[in-house]
Each structure stands twice: as C-alpha cells, then as structure tokens.
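Each chain, letter by letter, is given below.
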Protein chains: 2
Amino acid sequence: MKPVKVGLLGLGTVGTGVVRILQGFQEDLSSQVGSPIEISRVAVKNSEKTRSIDIAREVLTTDPWEVIRDPEVDVIVEVMGGVGITKDYILEALERGKHIVTANKDLMALHGTEILAKAQEKQCDVFYEASVAGGIPIIRTLIEGFSSDRIVKIMGIVNGTTNYILTKMSQEGASYDDVLQEAQALGYAEADPTSDVEGLDAARKMAILGTLGFRTNVELTDVSVSGISGVTRQDIQFAKRLGYEIKLLGIAECHNEEFSISVQPTLIRASHPLASVSGVFNAVYVFGEAVGETMFYGAGAGEMPTATSVVADLVAVIKNLKLGVNGLKQIVPYKQKKLKSDEQVFYKNFLLLHVDDKAGVLARITQVFAEYEVSLDSVLQQANPANPDAEIIIVTHNASKASMDKVLRRFEEMDVIRRVKSHYRVEG
Amino acid sequence: MKPVKVGLLGLGTVGTGVVRILQGFQEDLSSQVGSPIEISRVAVKNSEKTRSIDIAREVLTTDPWEVIRDPEVDVIVEVMGGVGITKDYILEALERGKHIVTANKDLMALHGTEILAKAQEKQCDVFYEASVAGGIPIIRTLIEGFSSDRIVKIMGIVNGTTNYILTKMSQEGASYDDVLQEAQALGYAEADPTSDVEGLDAARKMAILGTLGFRTNVELTDVSVSGISGVTRQDIQFAKRLGYEIKLLGIAECHNEEFSISVQPTLIRASHPLASVSGVFNAVYVFGEAVGETMFYGAGAGEMPTATSVVADLVAVIKNLKLGVNGLKQIVPYKQKKLKSDEQVFYKNFLLLHVDDKAGVLARITQVFAEYEVSLDSVLQQANPANPDAEIIIVTHNASKASMDKVLRRFEEMDVIRRVKSHYRVEG
C-alpha cells in the first residue's frame with residue numbers, strides 16, 4: 001500500500017514526539033488508516049544538531065518552503081510555532097491542497113478564521129487538537145461529543161506553568177518569586193515568563209475553546225485577561241481559610257447566545273473538581289445545558305502528550321483522505337457574535353482591603369457596596385500584627401462587573417482605604 | 001432541505017431525553033448537519049400513556065417492527081434496552097440499510113461483534129457512545145482521541161448506583177443495607193439491584209472499553225467480576241486510615257498486547273483523581289503509553305446526559321450520511337486476543353483477617369506469604385473490643401493473582417485463621 005507522506009515543520013520537543021510515535025507505533029497506526037505513514041520531509045533550524053531520535057539526514061532541510069512545495073507531501077504537520085511567516089507557510093500549503101495538522105494555539109487564536117476559510121475553499125482539513133490542553137482531546141469533545149448540547153460554561157486550567165506555580169505556593173507556602181525561579185530551573189517556565197504568568201497563553205486557548213463551544217467567532221480581543229504575578233501567599237492562605245484554592249482559570253459563559261470570556265486568578269471552592277488539579281496538569285470543565293457537569297483532565301504539555309494529539313489528528317486526516325472527505329466536516333461558527341457588556345457579566349468577588357484602623361470604616365465601605373447594589377456574602381475584619389492598617393476581607397454575592405468597577409473606583413477616592421490589596425473572581 | 005427521518009425504539013427515560021433535545025435544540029442541530037431532524041416513528045409500550053413531552057399521537061406505535069420496516073426511516077435510535085428481541089430488531093434494521101444509534105450496553109457487550117459485522121456488510125453506522133458512562137464521550141475519546149497511542153490501563157467508575165452507595169457509606173459511615181434502601185427509594189438503585197451491586201453492569205461497560213482501548217475482541221466472559229455487597233463500614237474505615245477510598249473499579253490493563261480485565265471493589269489512594277469522584281458521577285481514567293494520565297468525568301446516567309450522547313451519535317451518523325461515508329469508519333478490533341493468565345496478573349492486596357488471639361499467629365501467617373513469594377507492604381495487628389479474635393490488616397506489594405489464590409487457599413486450612421473477613425485489590 002502506498003504510504004501517506006507527511007511533511008514536518010519543526011523538530012523541537014513536540015516534533016520529536018511526533019517522530020517517536022510515528023516510528024514506535026507504526027504498525028498500530030497503519031492498521032487503523034490502511035497504509036504506512038512516512039515522514040518524508042522535515043524542516044529544522046539546524047540540520048547538524050545531534051538528536052535523540054533516528055531520522056535520515058536526507059529528509060532534513062533548513063528551508064520550510066522545500067517541505068511545503070514538495071509535491072509528494074500529502075499532509076503538513078506544523079509544530080514550529082510562531083504566527084508571522086508560519087501563517088504564510090500554512091496558507092501556501094493549503095493553496096497547494098495539503099492538509100494541515102498544527103499544535104499552534106497562537107496561530108489558531110489569531111488567524112484561525114482566515115486559515116479555516118482558506119481550508120474550506122481548498123477542501124482541506126485543518127486540525128489543531130494539540131493547540132489546547134496538550135494530550136486532552138478537548139477539541140474533538142466540543143465539536144463531536146457535545147454537538148448535541150448547548151454549552152453554558154467552560155472553565156479551564158489550560159496553562160501548566162501557572163498551575164504549577166499556584167500549586168507550589170498553595171502546598172508549600174512558597175512565594176511567587178521563589179516558585180517562578182524554581183519553575184524556570186525545571187524548564188516549566190520560560191526565561192521570559194510573561195506570556196504564561198500574565199494569562200496571554202491561556203487567553204489564546206480560551207478563545208479557541210469559546211469559538212468551538214459557543215459556535216460563534218470568539219476572538220482573542222474578546223478575552224479580558226489578568227495574570228498571577230500579583231497573587232501572594234497571603235491571598236492563598238485567606239482563600240484556603242474560606243474553603244477555596246486560587247487557580248488561573250479561563251472562564252467562558254454563554255446564556256441566550258450572549259457570551260463572556262476571561263482569564264484571571266480565581267478562587268475556586270475546594271470541593272470543585274478543578275480545585276484538585278495540581279502541578280503542570282491541565283483540566284477543562286464543561287457544563288452543558290443537557291449533559292450537566294463534565295471534566296477532562298490530563299497533561300497539558302510535554303513531548304509525548306502533545307504529540308499524541310498531533311498524531312491523532314494526523315490519523316483523522318488520513319482516514320478522511322482514504323474516504324475522500326477532507327475539508328467537508330469543517331466546523332464553521334454559525335452563530336451571530338454577541339459579546340456581553342460589563343453590565344451583563346455577573347460573578348462573586350473576593351476583596352482584600354487595607355484600611356485605616358479606626359471606627360466607622362467598615363460602615364463606610366459597606367455603604368458603597370449598598371449604593372451600587374452589590375450584596376455581600378461575608379465580611380471579615382482583622383488586625384494584622386505585621387501591618388499598622390486593618391485588613392478587611394469581603395466576599396460578595398453575584399455582582400455585575402460594571403457595578404464592581406464602580407465600587408472599586410469609589411474605593412480609590414476614599415482616604416480610609418489605603419489599598420485594594422487583592423481582588424479576585426470567585427467560582428464554585 | 002429534506003429532513004432526516006429517525007425511528008425511535010423506546011420512549012422511557014433516555015428516549016424522552018432524546019425527543020427533548022431534538023425538539024429543543026433543533027435549530028442548532030440542523031445548522032450542524034445541514035437539514036432538519038425529524039422523529040418520524042416511535043415504538044412505545046403503551047401509546048395511551050401521558051408523557052412529559054409533546055409528541056404527535058400518530059407517530060407512536062406499539063409494534064417496533066413498524067418502525068424498523070418503515071422505508072422512510074433513515075436511522076434507528078434504540079433506547080428500549082434488552083438483548084433478546086432487541087438484537088433481532090437491530091439486525092433487521094441493518095439488513096434494511098438503516099443506521100443504528102444505541103444506548104444499550106448489554107447488547108453491545110454481548111452481541112457487539114455480530115452487530116458490527118452486519119453493519120460492515122451493509123455499510124451502515126452503529127454508534128453506541130451512550131452505552132458507557134452516560135454523558136461522557138469516552139468511546140469517541142478511545143477511538144479517535146487516542147488513535148495515536150497505546151492504552152496501557154483503563155480504570156473506570158462506570159456504575160453510578162454502586163458509587164452512590166460507597167460514597168454515602170464513606171461520607172456518612174452508613175451501612176450497606178441502609179444506603180441501598182435509600183438509593184432504591186431515590187430511584188438510584190433498582191428493586192432488584194443485583195446487576196449493579198454485583199458488578200455485572202460495570203463488567204459489560206468494561207468489556208466495551210477494553211475492546212476499544214486495546215483494539216482486540218474483549219468479551220464479557222473475559223471480565224472477572226466481584227461486587228460490593230460484602231463491603232462493610234469497617235472495611236471503609238480501615239481503608240481511610242491507610243489513606244484510601246473503596247470504589248467499585250473496572251480495571252483493564254494491557255502490556256505487550258496481553259490484557260487482563262476485572263471489576264471489583266478496590267482501595268484507591270485518596271490522592272488519585274478517581275478517589276474524589278463521588279455520588280452517582282462516573283469517571284474513566286485512561287493511561288496511555290504516550291499521553292500518560294488522563295481522566296474523563298461526568299454524569300453516568302440520567303435522561304439528559306445519556307440523551308446528549310445519543311444525539312451526538314445521531315449527528316455523527318447524519319454527517320456521514322451527507323458525505324456518503326456511513327459504515328466506512330467502522331473500528332474493527334485488529335489485534336489477536338491474548339488474555340493474561342492468573343500467573344500474569346499482578347496487583348497489591350488488602351486483607352482483613354480474624355485470627356486467634358495468641359502468640360505466634362502472625363509469624364505463621366507471614367510465613368505463608370513468604371512461601372508463595374508475596375512480599376508485604378504493611379501489617380497491622382490490633383485487638384477489637386467487639387471481637388474476641390484479633391484483627392490483622394495486611395497490604396501486600398504487587399503479587400500475582402495466582403500466588404494470592406494459593407495464599408488464600410492455605411489460609412482456609414489454617415485453624416488459627418477464623419476468617420478472611422475482607423480481600424480487596426489496591427490501586428494508586
């Protein structure tokens with residue numbers, strides 16, 4: 001049987017895993033798709049580099065265009081990353097009728113619409129399971145498993161670096177800076193950790209999940225983002241005392257076809273399935289109108305887990321190839337896009353305030369909440385020996401983001417409030 | 001656009017959910033498949049019954065053959081249950097070129113091979129996502145999500161009734177009999193609970209998961225089964241003291257293409273993701289050679305969750321119908337079947353022994369373990385004021401099932417051992 005020829009763009013961590021699976025599991029794979037799968041061309045940065053896998057020198061090239069223009073190549077597997085020239089590679093490959101498997105969340109979050117439109121025009125497949133939550137098949141689950149349902153809420157721990165940091169801070173009482181350094185030393189965080197710790201990576205993944213879950217065109221600019229660099233040990237301790245863990249959660253909600261989407265450090269109740277997802281693991285919690293609560297858990301990154309998703313997509317492309325149906329099952333968002341305004345987004349809030357330690361302060365603060373009709377779930381005032389100010393911890397009931405913003409602006413103007421030390425969303 | 005016509009066999013809990021979704025989400029569904037979906041014929045037991053859904057009286061019939069023989073019907077959705085006549089209905093429907101969506105685990109576990117062979121012959125789809133773990137899309141995940149991996153281990157909490165009973169016993173210290181009665185009153189357990197509590201229901205689901213995970217023909221008779229009716233409050237307390245919960249786990253393992261499969265009450269370490277799956281929820285833990293640890297969690301039964309899976313399968317059938325590829329993506333087990341012998345199955349064991357309270361007993365017991373080369377992880381001897389005997393709790397290291405059987409047979413012959421009170425597998 002004629003082999004299917006795969007062109008690989010990139011031979012870093014994930015690319016190496018892809019080669020390892022294609023070599024190691026070849027018999028299983030060809031039994032499923034009905035023909036051998038051959039890596040016929042690989043674009044690398046450095047063709048001289050010593051590698052942990054056995055790959056013939058003559059298939060390597062330092063010019064990605066060679067892979068894309070190779071008429072023999074049926075499918076392009078893009079695991080090089082980047083959004084500039086990489087997008088050009090992908091569009092040109094589609095132009096030439098090649099199918100695409102990519103692990104590139106940045107590309108799909110920023111240019112997914114354009115790429116999928118080109119794919120549809122050319123009747124090509126574009127699959128990207130590995131772009132979100134590594135080895136967890138969450139994209140298939142949203143497209144196929146829940147095709148029958150209306151997704152109401154998606155909450156995701158979709159960034160392993162931040163989950164590792166927050167887990168360590170919670171379990172060991174370590175400081176953010178210390179754990180970040182440790183994560184960098186272990187290779188769990190990059191030298192410049194901004195994209196992870198400021199929530200940008202998670203935002204890209206949430207835009208992809210939101211688009212699939214709500215079947216509308218959720219864009220990266222729709223995601224309101226804040227990161228974990230301000231989270232302190234003290235915040236985590238207060239959260240625990242109230243029965244919560246702090247996680248960087250992507251939260252996408254949709255009611256009456258209007259959606260909201262955000263990424264932020266969030267207090268999640270300890271009994272919620274997401275609260276016990278620890279270390280570099282990822283999990284996506286999906287609440288469907290019919291199916292109710294579900295959760296999907298697994299490794300969010302790493303050579304072999306991510307490669308599992310890439311190769312599963314490759315198997316799907318090849319099965320479609322054999323049936324002659326590539327590009328015909330494309331999921332195009334079909335709903336009109338309606339992003340909720342801040343007046344329409346409601347959630348509970350956790351606030352830690354540093355205030356003047358004198359009579360009447362609490363009364364003035366609660367008065368502000370009352371003015372904007374934000375009702376309170378719990379209020380705790382305490383002296384802190386390490387702090388000349390008093391500390392007030394407040395958990396609100398559901399309040400609109402707009403009302404909370406007004407409350408916070410008023411707080412800024414109040415002399416008795418020294419500082420809004422922390423402000424987090426609360427879930428579960 | 002011409003509607004796709006669906007014939008429904010059964011209008012009980014799941015059937016009602018299917019109608020509810022098809023009616024309530026019609027616009028979403030037809031946007032995805034490109035045409036309306038119409039329930040054109042429904043076989044019911046009693047056509048006079050008052051129902052909570054709005055369904056035209058003239059589509060109802062008490063004769064399932066009318067649905068199957070209706071030339072207008074494209075797809076049969078079987079949610080009536082049973083394995084005798086139901087199998088004949090399905091085979092006849094396939095003979096007539098109709099595609100099948102079924103929620104029937106008994107049918108698939110017992111006659112799946114025959115039904116899938118007929119489907120292949122007739123180029124028809126047979127989908128059965130709802131047969132295992134209700135709303136969790138675990139069958140798709142094994143077939144598609146992990147097509148690229150070799151599954152090493154599947155552990156499933158796939159029976160909600162027994163998980164509800166064990167959760168209540170663990171959380172409230174209640175007795176098995178009391179919780180079973182409560183579960184029956186709540187409708188979580190049937191009047192005759194045998195199939196659930198003795199593990200037979202779970203065994204059927206595990207046979208289906210094993211077949212898909214290991215790509216070989218796992219049969220129901222391959223599953224060694226024991227149920228939870230012997231689990232006591234004391235067992236659960238001892239387990240907790242050692243850091244475990246007791247769950248009814250289906251466990252399927254595969255190494256070097258040789259597999260073992262079983263269902264039994266199992267001590268699972270409290271930190272394992274399965275340990276916190278409580279109440280009627282289901283979860284399937286899948287460990288793949290490449291992907292590592294994953295877990296899929298959700299409602300295992302109930303009208304709407306199960307109907308979600310049924311309708312997702314229906315969407316898949318209709319998409320295939322539009323593309324003309326029904327029956328062409330059938331997954332046929334392609335590996336030679338090799339079931340492990342008892343000598344090849346290894347796990348840890350928990351034992352609670354009632355023994356004569358006199359000197360030298362422990363030495364004699366540990367001597368028996370040594371004789372069969374079963375090494376021990378921990379041993380705890382204690383007096384129980386309520387019991388004239390002494391209690392010995394033993395946790396072994398990994399030992400073959402064959403060796404453990406020999407140890408247990410020797411214990412039966414020993415005068416000093418009054419009773420092997422409990423014997424459970426240990427995981428995690």
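These figures come from a predicted structure and were not determined experimentally. (Residues numbered from 1 in each chain as written. Chains lettered and ligands numbered in written order. Predicted model: local features only at pLDDT ≥ 70, side-chain atom pairs only at ≥ 80, totals over all residues. Heavy atoms only, no water.)

Asker: Help me out: how do you make sense of the UniProt feature "domain: ACT" (unreviewed entry) in chain A in this one?
Answerer: UniProt marks residues 350–425 of chain A with the feature "domain: ACT" (unreviewed entry), using the numbering shown here. For residues 350–425 of chain A, the end-to-end C-alpha separation is 6 Å, with 32% helix and 47% strand making up the annotated structure. (UniProt positions renumbered as here; feature names shortened; annotations may be inferred. Helix = DSSP H or I, 4+ residues; strand = E, 2+ residues; numbered from the N terminus.)

Asker: Just to check I follow, could you spell out the UniProt feature "binding site: NADP(+)" (unreviewed entry) in chain A for this structure?
Answerer: All names here are of chain A. According to UniProt, the positions carrying the feature "binding site: NADP(+)" (unreviewed entry) are Leu9, Gly10, Leu11, Gly12, Thr13, Val14, Gly15 and Thr16. Its place among the elements puts Gly10 in the loop between β1 (4–9) and α1 (13–24). With near-sequence residues (within four places) excluded, Gly10 lies in contact with Gly15, Ala43, Val79 and Met80. (Contact = heavy atoms within 4.5 Å.)

Asker: Is there a simple way to explain the sheet that holds strand β3 (residues 60–61) of chain A in this structure?
Answerer: Adjacent strands of a sheet pair through backbone hydrogen bonds, lying either parallel or antiparallel. All names here are of chain A. With parallel pairing, the six strands of this open sheet are ordered in space as β3-β2-β1-β4-β5-β6. The sheet terminates laterally at β3 and β6 (126–127), the two strands that pair on one side only. Where β1 lies against strand β2 (residues 37–43), six bridges are found, and the strand directions are parallel. The partner of Leu8 across the bridge, within β2, is Val42. (Pairing = 2+ DSSP bridges.)

Asker: So what exactly am I meant to see when it comes to the interface of chain A and chain B here?
Answerer: Interface extent is often summarised as the accessible area lost during association of the parts. The partner chain B presents 47 residues to the 47 residues of chain A that form the contact. Of all residues in chain A, Phe25, Ser148 and Tyr297 of chain A bury the most surface against chain B, accounting for 15% of the area lost on that side. Taken together, the connections running from chain A to chain B amount to six salt bridges. Two residues, Asp28 of chain B and Lys335 of chain A, come together in a salt bridge whose shortest N-O distance is 2.9 Å. Mapped onto the side of chain A that touches chain B, the elements with two or more residues apiece are α1, α2 (26–33), α6 (138–145), β12 (292–299) and α12 (303–323) of chain A. Here the element with the most residues in the side of chain A that touches chain B is α12 of chain A; it accounts for nine residues. Here the residues of the side of chain A that touches chain B sort into 24 nonpolar, twelve polar and eleven charged. (Buried area = accessible area lost by both parts, 1.4 Å probe. Salt bridge = Lys/Arg side-chain N within 4 Å of Asp/Glu carboxyl O. Nonpolar A, V, L, I, M, F, W, Y, C, P; charged D, E, K, R; others polar.)

Asker: Any chance you could explain the nonpolar core here in plain terms?
Answerer: Nonpolar side chains in soluble globular proteins tend to be buried together. Counting residues in hydrophobic clusters, the biggest one holds 156 residues, and the most contacted among them are Ile138 of chain A together with Ile138 and Ile165 of chain B. With residues near it in sequence (within four places) discarded, Ile165 of chain B still touches Tyr176, Val179, Leu180, Ala183, Val197 and Ile228 of chain B. (Core = buried A, V, L, I, M, F, W, Y, C linked by side-chain atoms within 4.5 Å. Buried < 20%, exposed > 50% of the residue type's maximum accessible area, 1.4 Å probe, protein only.)

Asker: Just checking my understanding: could you explain the pattern of salt bridges for this structure?
Answerer: If charged atoms from side chains of opposite charge come close, those side chains can pair. Taken as a whole and assessed by the stated rule, the structure comprises 72 salt bridges over all chains. In this structure, Arg215 of chain A and Asp28 of chain B form a salt bridge, with 3.5 Å as the shortest nitrogen-oxygen distance. Placement of the pair is Arg215 of chain A in the loop between α10 (200–214) and β8 (224–225) and Asp28 of chain B in helix α2 (residues 26–33), with the two residues belonging to separate chains. Asp28 of chain B carries the same exposure label as Arg215 of chain A, and that label is buried. The residue Glu66 of chain B makes a salt bridge to Arg41 of chain B at a minimum N-O spacing of 2.6 Å. Note that Glu66 of chain B is positioned in helix α3 (residues 64–69) and Arg41 of chain B in strand β2 (residues 37–43), a separation of 25 residues in sequence.

Asker: For this particular structure, what's the right way to read the packing of aromatic side chains?
Answerer: Two numbers describe a pair of aromatic rings. These are the distance of the centres and the angle of the planes. Residue and element names in this part refer to chain A. A full pass over the atoms with the stated rule returns 15 aromatic pairs over all chains. Taking the centre distance of 6.1 Å and the plane angle of 25° together, the rings of Phe350 and Tyr424 count as stacked. Here Phe350 is found in strand β13 (residues 346–355), whereas its partner Tyr424 is found in strand β17 (residues 417–427), with 74 residues between them in sequence. (Phe/Tyr/Trp six-rings, centres within 6.5 Å; stacked < 30°, edge-to-face > 60°.)

Asker: Can you walk me through the relation of the copies chain A and chain B in this structure?
Answerer: Comparison of the two chain copies shows a relationship of rotation about an axis with a shift along it. Overlay of chain A on chain B (RMSD 0.0 Å): rotation 180°, translation along the axis 0.0 Å. The transformation relating the two chain copies, once decomposed into turn and shift, fits a two-fold axis. Of the C-alpha atoms belonging to chain A, the one lying closest to the rotation axis is found on Phe296 of chain A, 2.4 Å away. Same-surface contact between copies: 100% of interface residues of chain A are shared with the interface of chain B. (Least-squares fit on C-alpha atoms with pLDDT ≥ 70 in both.)

Asker: Whenever I open this one, the sheet that holds strand β6 (residues 126–127) of chain B confuses me. Can you help?
Answerer: Pairing within the open sheet is parallel, and its six strands lie in the order β3-β2-β1-β4-β5-β6 (chain B). In the strand order of this sheet, the two ends are held by β3 (60–61) and β6 of chain B, each with one partner.

Asker: Help me out: how do you make sense of the environment of Arg215 of chain B in this one?
Answerer: Classification of Arg215 of chain B as buried rests on a relative accessible area of 6%. Residues in contact with Arg215 of chain B, not counting those within four places in the same chain, are Asp28 and Gln32 of chain A together with Phe146, Ser147, Asp149, Gly210, Pro333, Tyr334 and Lys335 of chain B.

Asker: Sorry if this is basic, but what is going on with the domain arrangement of chain A here?
Answerer: The domains assigned to chain A are domain 1 (4–131 + 303–323), domain 2 (138–299) and domain 3 (346–427). If you average the C-alpha positions of domain 1 of chain A and of domain 3 of chain A, the two centres end up 51 Å apart. (Domains from an automatic or database assignment.)

Asker: Explain the pairing of strand β4 (residues 75–78) of chain A to me, please; I cannot follow it from the model alone.
Answerer: Along any regular strand, the residues point their side chains to alternate faces of the sheet. Residues and elements named next belong to chain A. Neither face of β4 is left uncovered, since the one carrying Val75 and Val77 and the one carrying Ile76 and Glu78 both have all their residues buried. Of the pairings in the sheet, the one linking β1 to β4 comprises four bridges and is parallel in character. Counterpart to Leu9 in the pairing with β4 is Glu78.

Asker: Is there a simple way to think about helix α4 (residues 85–95) of chain A in this case?
Answerer: What sets the pattern is the α-helix's 3.6 residues per turn: residues three or four places apart point alike. Residue and element names in this part refer to chain A. Taken residue by residue, α4 has Thr86, Lys87, Tyr89, Ile90, Leu91, Ala93 and Leu94 as its buried positions. Taken together, the buried residues of α4 touch β1, α3 (64–69), β4, β5 (99–102), α5 (105–121) and β6. Gly97, located one to two residues past α4, shows a positive phi value of around 80°.

Asker: Hey, could you run me through the environment of Gly428 of chain A in this one?
Answerer: Residue and element names in this part refer to chain A. Checked against the element boundaries, Gly428 lands in the segment after β17. Owing to a relative accessible area of 46%, Gly428 belongs among the partly exposed residues under this scheme. Between the C-alpha atom of Gly428 and that of Leu274, which follows or precedes it by 154 residues, the distance is 9.4 Å. Non-local contacts of Gly428, meaning those with residues more than four positions away in its chain, are made with Arg269, His272 and Lys348.

Asker: Explain the packing of helix α6 (residues 138–145) of chain B against helix α10 (residues 200–214) of chain B here, please?
Answerer: Two quantities define a packed helix pair, namely the angle between the axes and the distance from one axis to the other. Residue and element names in this part refer to chain B. Packing of α6 against α10 brings their axes to within 9 Å, and their N-to-C directions diverge by 15°. Between α6 and α10, the crossing angle belongs to the class labelled roughly parallel. Crossing of α6 over α10 shows left-handed handedness. In this structure, α6 contributes Ile138, Ile139, Leu142 and Ile143 to the contact, and α10 contributes Ile208, Leu209, Leu212 and Gly213. A breakdown of the residues in the contact of α6 with α10 according to their chemical character gives seven nonpolar, one polar and no charged. (Axes fitted to C-alpha atoms, helices over the stretch in contact; angles between N-to-C directions. Parallel < 35°, antiparallel > 145°, perpendicular 65-115°, else oblique. Left-handed = near helix turned anticlockwise from the far one by under 90°.)

Asker: Can you help me understand α5 of chain A in this one?
Answerer: All names here are of chain A. When the local axis directions of α5 are compared, the greatest deviation, roughly 85°, occurs at His111. Along α5, the residues classified as buried are Lys105, Asp106, Leu107, Met108, Ala109, Gly112, Ile115, Leu116, Lys118 and Ala119. Regarding α5, its N-cap is Asn104, as a side-chain oxygen of that residue lies 3.3 Å from the backbone nitrogen of Asp106 further along. Where α5 ends, the next residue or the one after it, Gln123, has phi of about 50°, a positive value. (Bend = angle between axes of the 7 residues up to and from the residue. Polar contact = N/O pair within 3.5 Å; in protein donor to acceptor, adjacent residues only side chain to side chain.)

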